[in-house]
4 protein chains.
Amino acid sequence: MILILKRDHDPQQLETLTAWLNTMGVSTHLSRGEFQTILGLVGDTSRVDIDLVKSMDIVEDAKRIQEPFKNANRKFHPDDTIIDVGGVKIGGGHMQIIAGPCSVESEEQIIGIAKDVKAAGATLLRGGAFKPRTSPYSFQGLRAEGIELLLKAKEETGLPIVTEIMESSHLPFFKDVDVIQVGARNMQNFELLKDLGRTDKPILLKRGLANTLEELLMSAEYIMAGGNQKVILCERGIRTFETATRNTLDISAVSMLHEMSHLPVVVDPSHATGIARMVPPMSLAATAAGADGLIIEVHNDPRHALSDGAQSLTPAAFAELAGQIRGIMPIVGKTA
Amino acid sequence: MILILKRDHDPQQLETLTAWLNTMGVSTHLSRGEFQTILGLVGDTSRVDIDLVKSMDIVEDAKRIQEPFKNANRKFHPDDTIIDVGGVKIGGGHMQIIAGPCSVESEEQIIGIAKDVKAAGATLLRGGAFKPRTSPYSFQGLRAEGIELLLKAKEETGLPIVTEIMESSHLPFFKDVDVIQVGARNMQNFELLKDLGRTDKPILLKRGLANTLEELLMSAEYIMAGGNQKVILCERGIRTFETATRNTLDISAVSMLHEMSHLPVVVDPSHATGIARMVPPMSLAATAAGADGLIIEVHNDPRHALSDGAQSLTPAAFAELAGQIRGIMPIVGKTA
Amino acid sequence: MILILKRDHDPQQLETLTAWLNTMGVSTHLSRGEFQTILGLVGDTSRVDIDLVKSMDIVEDAKRIQEPFKNANRKFHPDDTIIDVGGVKIGGGHMQIIAGPCSVESEEQIIGIAKDVKAAGATLLRGGAFKPRTSPYSFQGLRAEGIELLLKAKEETGLPIVTEIMESSHLPFFKDVDVIQVGARNMQNFELLKDLGRTDKPILLKRGLANTLEELLMSAEYIMAGGNQKVILCERGIRTFETATRNTLDISAVSMLHEMSHLPVVVDPSHATGIARMVPPMSLAATAAGADGLIIEVHNDPRHALSDGAQSLTPAAFAELAGQIRGIMPIVGKTA
Amino acid sequence: MILILKRDHDPQQLETLTAWLNTMGVSTHLSRGEFQTILGLVGDTSRVDIDLVKSMDIVEDAKRIQEPFKNANRKFHPDDTIIDVGGVKIGGGHMQIIAGPCSVESEEQIIGIAKDVKAAGATLLRGGAFKPRTSPYSFQGLRAEGIELLLKAKEETGLPIVTEIMESSHLPFFKDVDVIQVGARNMQNFELLKDLGRTDKPILLKRGLANTLEELLMSAEYIMAGGNQKVILCERGIRTFETATRNTLDISAVSMLHEMSHLPVVVDPSHATGIARMVPPMSLAATAAGADGLIIEVHNDPRHALSDGAQSLTPAAFAELAGQIRGIMPIVGKTA
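Computed from a predicted structure; not experimentally measured. In this numbering scheme, every chain counts its residues from 1 along its sequence in written order. The lettering of chains begins at A and the numbering of ligands begins at 1, in the order of writing. Local features in a predicted model are, by the rule used here, given only for residues with pLDDT of at least 70; side-chain atom pairs are given and counted only at 80 or more, and totals for whole chains, interfaces and linings are based on all residues. By convention in this description, side-chain values take in all heavy atoms of the structure and omit both hydrogens and water.

1. Side note on the overall build of chain A
Step number 1: Along chain A, the regular secondary structure elements total 10 helices and 14 strands.
Step number 2: Expressed along its principal axes, the backbone C-alpha trace of chain A runs to roughly 75 × 45 × 40 Å.
Step number 3: Between buried and exposed lies partly exposed: a residue is buried under 20% and exposed over 50% of the maximum accessible area for its type, with that area taken using a 1.4 Å probe on protein chains only. Looking at chain A as a whole, 64% of its 336 residues are labelled buried.
Step number 4: Of the accessible surface of chain A, which amounts to about 11500 Å², a share of 50% is contributed by carbon and sulfur atoms.
Step number 5: As used throughout, the charge tally considers Lys and Arg to be positive and Asp and Glu to be negative, leaving His and the chain termini uncounted. Lys charges are placed at NZ, Arg charges at CZ, Asp charges at CG and Glu charges at CD. Between the averaged position of the 34 positive side-chain charges in chain A and that of its 42 negative side-chain charges there is a distance of 2 Å. Helix and strand definitions here come from DSSP, where helices need a minimum of 4 consecutive H or I residues and strands a minimum of 2 consecutive E residues; each element is numbered from the N-terminal end. Here the accessible surface of atoms and residues is derived via Shrake-Rupley with a 1.4 Å probe, and residues count as covered only by protein chains that are part of the display.

2. Description of the sheet that holds strand E10 (residues 179–182) of chain D
Residues and elements named next belong to chain D.
Step number 1: If you walk around this closed barrel you meet the 8 strands as E7-E8-E9-E10-E11-E12-E13-E14, and the pairing is parallel. Within the sheet, the average angular offset between the axes of one strand and its neighbour, ignoring direction, is 30°.
Step number 2: A strand pair is defined by DSSP finding two or more bridges across the two strands. For strand E12 (residues 231–235) and strand E13 (residues 265–267), the ladder comprises 3 bridges, and the chain directions are parallel. Directly across from Cys234, in E13, lies its bridge partner Val266.
Step number 3: In the packing of helix H4 (residues 144–157) onto the sheet, the strands contacted are strand E8 (124–126) and strand E9 (161–165), and the crossing angle to E9 comes to about 170°. With axes taken as lines fitted to C-alpha atoms, and helix axes fitted only over the stretch in contact, angles between N-to-C directions fall between 0 and 180 degrees. Any two residues having at least one pair of non-hydrogen atoms within 4.5 Å are treated as being in contact.

3. Focus on the relation of the copies chain A and chain B
Step number 1: The two copies are related by a screw motion: chain A maps onto chain B through a turn of 180° and a shift of 0.0 Å along the axis, at an RMSD of 0.0 Å. Within this description, the copies of the chain are treated as partners about a two-fold rotation axis. Within chain A, Ala210 of chain A has its C-alpha nearest the rotation axis, a separation of 2.9 Å.
Step number 2: Both copies present the same face, since 98% of the interface residues in chain A are matched by interface residues at the equivalent positions in chain B. A least-squares superposition brings the copies together, and it is based on the C-alpha atoms of residues with pLDDT no lower than 70 in both.

4. A closer look at the domain arrangement of chain A
Step number 1: Looking at chain A, the domain boundaries give domain 1 (2–63) and domain 2 (83–332).
Step number 2: Per the annotation, domain bounds derive from an automatic or database assignment of domains. Between the C-alpha centres of domain 1 of chain A and domain 2 of chain A the distance comes to 43 Å.

5. Examining the packing of helix H3 (residues 107–120) of chain A against helix H10 (residues 315–328) of chain A
Residue and element names in this part refer to chain A.
Step number 1: The N-to-C vectors of H3 and H10 enclose an angle of 25°; their axes lie 9 Å apart at closest approach. As judged from the angle between their axes, H3 and H10 are roughly parallel. Pair H3 / H10 crosses with right-handed handedness. Every residue of H10 that contacts H3 at Asp116, Val117 and Ala120 is listed here: Pro315, Phe318, Ala319, Ala322 and Arg326.
Step number 2: Here the contact of H3 with H10 is composed, by residue class, of 6 nonpolar, no polar and 2 charged. Under this scheme an angle from 65 to 115 degrees is roughly perpendicular, one under 35 degrees roughly parallel, and one over 145 degrees roughly antiparallel; angles in between are oblique. Whether a crossing is left-handed or right-handed is set by the direction in which the near helix is turned from the far one by less than a right angle, anticlockwise for left-handed and clockwise for right-handed. Side-chain classes follow a simple rule in which Ala, Val, Leu, Ile, Met, Phe, Trp, Tyr, Cys and Pro form the nonpolar group, Asp, Glu, Lys and Arg form the charged group, and the remainder, Gly included, forms the polar group.

6. Notes on unusual backbone geometry
Step number 1: Its identity as a non-glycine residue notwithstanding, Arg143 of chain B has a phi of 55°, on the positive side.
Step number 2: Residue Arg143 of chain B is classed as partly exposed on the basis of its relative accessible area, which comes to 26%.

7. Focus on the interface of chain B and chain C
Step number 1: At the junction of the two partners, chain B supplies 17 residues and chain C supplies 17 residues.
Step number 2: Together chain B and chain C conceal approximately 1600 Å² of surface at their shared face, both sides included; 65% is due to carbon and sulfur atoms.
Step number 3: Within this document, salt bridges are pairs made up of a side-chain nitrogen of Lys or Arg and a carboxyl oxygen of Asp or Glu, the two lying within 4 Å of each other. Here chain B is connected to chain C by 2 salt bridges.
Step number 4: Of the charged contacts in the structure, one is a salt bridge between Glu60 of chain C and Lys75 of chain B, with a shortest N-O distance of 3.0 Å.
Step number 5: Any pair of nitrogen or oxygen atoms within 3.5 Å is treated as a polar contact; in protein, a donor-acceptor pairing is required on top of that, and neighbouring residues in sequence qualify only through side-chain atoms on both sides. If you look at where chain B meets chain C, you find 4 residue pairs in polar contact (both at pLDDT 80 or more).
Step number 6: Residues that form the side of chain B that touches chain C fall into these classes: 6 nonpolar, 6 polar and 5 charged. Defined in terms of a 1.4 Å probe, buried area is the accessible area two parts forfeit on being brought together, summed over both.

8. So, the pattern of salt bridges
Step number 1: Scanning the model with the defined rule gives 68 salt bridges over all chains in all.
Step number 2: Of the charged contacts in the structure, one is a salt bridge between Glu242 of chain D and Arg207 of chain B, with a shortest N-O distance of 2.8 Å. In this pair, Glu242 of chain D sits in the loop between E12 and helix H7 (252–260) while Arg207 of chain B sits in the loop between strand E11 (203–206) and helix H6 (213–225), so the two residues belong to two different chains.
Step number 3: Glu242 of chain D gets classed as buried once you look at its relative accessible area, which sits at 4%.

Pasting the structure below:
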């Protein structure tokens, strides 16, 4: 961190500041220029609160040079992290397709879809049991029962399962879940992150709608600081001024996260766009950009014609897409 | 709600759609034009999932005409809601100043500030006990002990207290708190909102960094649908491309929320800007725009010179500001 | 367009409104419901100012059903537009790579790069002559002389040239330019767009930093309404809250523009990210998403080591990337 | 500016970089730490292109310490600039109300409104002659004839006039205009800014929809670098994710611009919100925040009932608002 001091700063205050920094194990290096004086901070500055420092009387501005995250930082862990979920590898050249319905609705539905997506090439099964909904009047999911049904589908197909948690007190229901998902709205639910840091399960951490990549990595850091290093990052679209698509898929996040961190990065094109016919091109784009995985909504209820065409693909459309994905993977150095 | 149907829609599908809508108590009105066919939905459409409808094969687009929130809606409750907190009224022409430190640090600190802000004209005391922090390495608050200290300050000064909750399981610690605050990052923590809907305490609900006013009212609706009608809305800045200020205070939210809803609206200029010297002009602007309250950070520790100048005002600066606020209040028809 | 009328609207005002709409050739259809009255507008509503209508006393809200653009609209022109630039085709299954330096610096430079990018597979040459710069103290380009040098490079290599215009009065300098580029900052310079509508040259129209896809198509409409139908749309990143990359490449714009319009869509990954090492993954992503072209910055000055590594690729890196692009093209149904 | 060098940088490249900086009159100061090496740049760095520097092989990151604008910078001009428009003063404690119609429509209309707004307390007259419109099919203004009509209204009332320019070639029409307005869409039309820098008229420069405050000041710098120091900055709302209001009025921009610059700052609440009933609260908020002026749309055509209620106030509503504004002005230290 570098502090730009005010031109007319009080030497006494500078002394107090330096002493305070020393108590945190940070030493300083002063460089007086004609127009400004710069105080360089040497050592581990991750505990120095930049907002607090900026607010001090003698400080004009403060700029971070080191990232405030450590466990998630590529600089300290140059090799890609590979996360093994029941034999299925994510990261470090391994790309996987996670597929399944938005919500678990019935045993028949989830087992049917699980078989379909497995046949088409998916290697993990997703399905919503606890559902965060904007409106209190919307369907809130089958909750604990939904997880039971996912486990049955796992039994039938062998696919490891991924499902979302909304509150720490629900953790007991997740004891047999393979990957616990943290939704975008909970990315900064710090109490939940701390509790997940004390588990040993892989966590699929979705980027919040308006969170920076640095904030996403700070939330990963919450989990990792608790001891759980198995974090999978997920880009799922950010909120911008554009309303033609539900959100704006930040495809450059894939490359940038790979640079900033060693953790695997998956992309959710279904929630990013909210439009089924845009899922295939966005899935291919994510693959070409180097994503380590895709999480795609697939629906299979032909009798329920009304929800056809939602942000979920039909099994047939998914199978076709999976073939194209496999065509692009070797061009960008990926295998399953 | 109005559905624009595709030009070549299948009459069978239209029949299925109409039947499905009828099961939700919604009747329809079809209007065929030269270029498009429009299906008007009549009745309470708050249970109709607009995303689902948009995704149907025969639907080209769907547009809401009625807002999806009811309890919070001005149309169904034309009169301003006035919330009474231990005799202090917020809303309906009553404007209050909530003041106090960012974090509760010690008994001496919180009682000292409470006395100062009361003398200057504040009518409620704020203070952070459970603190959401971006970094796991930052101070996380005194937690339950902080609430004890706030209660002591209340005993000393008579000021009702406002403090933030982060998780439902902490609710027992809040039994003597006067107003429970939901932070911006938890605005869509729906499990927490449901649990707060089952309490009878006023809830100060902060707008999320990237949430629309409609989403804020839908979160209020979660609380109100549970039976608790005492919701105070809070604008605290939104995330935009501008980086000169920490967030962008959306001052027009005050007027717009007053139009959309009968609930009181308070403004938090301290978190919105993150810069102490901008708190006075933004407080005055919020007052002039018609806010029903302000929530302002005040710090009083003269020995801890390093944190002077943060986003917190000194008691002296706060007292001066409170005088200006009282000057503007009658011009816009407000009393305490 | 659909107007939702206020419940207690004045019948006299409704008559005045209907009469006014009739003068614009728009007829109306009234539908009175229990809670609201809806006025459907039938006919060509592209001349009806939606903001004006919304502001009328008797109107509660107005919603567009038809897009306000016609010439650029896919609905009225279902087939892809293919633009032929000196025999090089863009759109309708034809994908091209436009490459060249950020600024034209010298004859030697531009001819050298032109030869390099041609050898690697580029089919058009780009280069900045008139340069829009945020700071008045930055290099403003070689201006008219830069265009002369581009024409020499065209003579040497046969590559058609693409270069940016900043003001209508410069049009005479562009008489031999093959494609005239309108930069992001001029996307809504309507006087310039009108003047370009009177030329017969292909226009590469970049999306503004904060402009919606609809606004981009309205700007295309300005050119097309003047008689020039040869518009190439260009996504080059939008401004969001994220600062890790210079802009956020809106990759879903490619698919969405293809749906809304018949015009070809190219992507500029160099300006979108501002970081050379992100240009290859973003180029591959754009190709996989179905872009009709890429516009990539390439620099070739080995002696000027200081600017190596900018947002411009070296010719070697560009050649490698071009090979990968050619690998993806057939998977998404594209040829040169 | 501070450059953070890569850990393993090539000493040869460092020498080249230092030499290149010296050619621009910038000297350097090297500070080697355990984890990073920092190169401090001493002198006038406004000509150093930060993007270019960041892209260099040996540079990991670059951070500006000095602002890239000089003429507009408060640091070098501590006193407020007061701009005198025909005896009417803007800035330095003087606040003015600019009012008038969106578009000039006829002699009768503009003279009528001019008299009304003057009577209510406006001291400058605004009116659109050259109109930037999103759609080519919308009314484009009376253009040169509109300016003639504004000049007649000035003759009748004595109010100085403010009107928008869209292209340098129209400058001859503006020779008797008192204040030339640059619209939001032209804020970075650098050719136009350069030409305005060669005039001696006050320029009212509107912030672009998605431009930072620094970029606004860089555009002011374009005008000032040409010799014209009379720039009035204007906040008119920015584009965010929120759609309840047309734009989000960035009220904190008023305070922040006053800190960054000595130039006067006016606010346009009419365009910011697009809703007439929100103009009064936003005008009062801007006044309370310390704005040096307001620019408000007023319409006076009682026979043209259809456009009543637009973003324009009636003369009566404007007169009432002007009274409230005068009530707040002394509280924040402002006189006319």
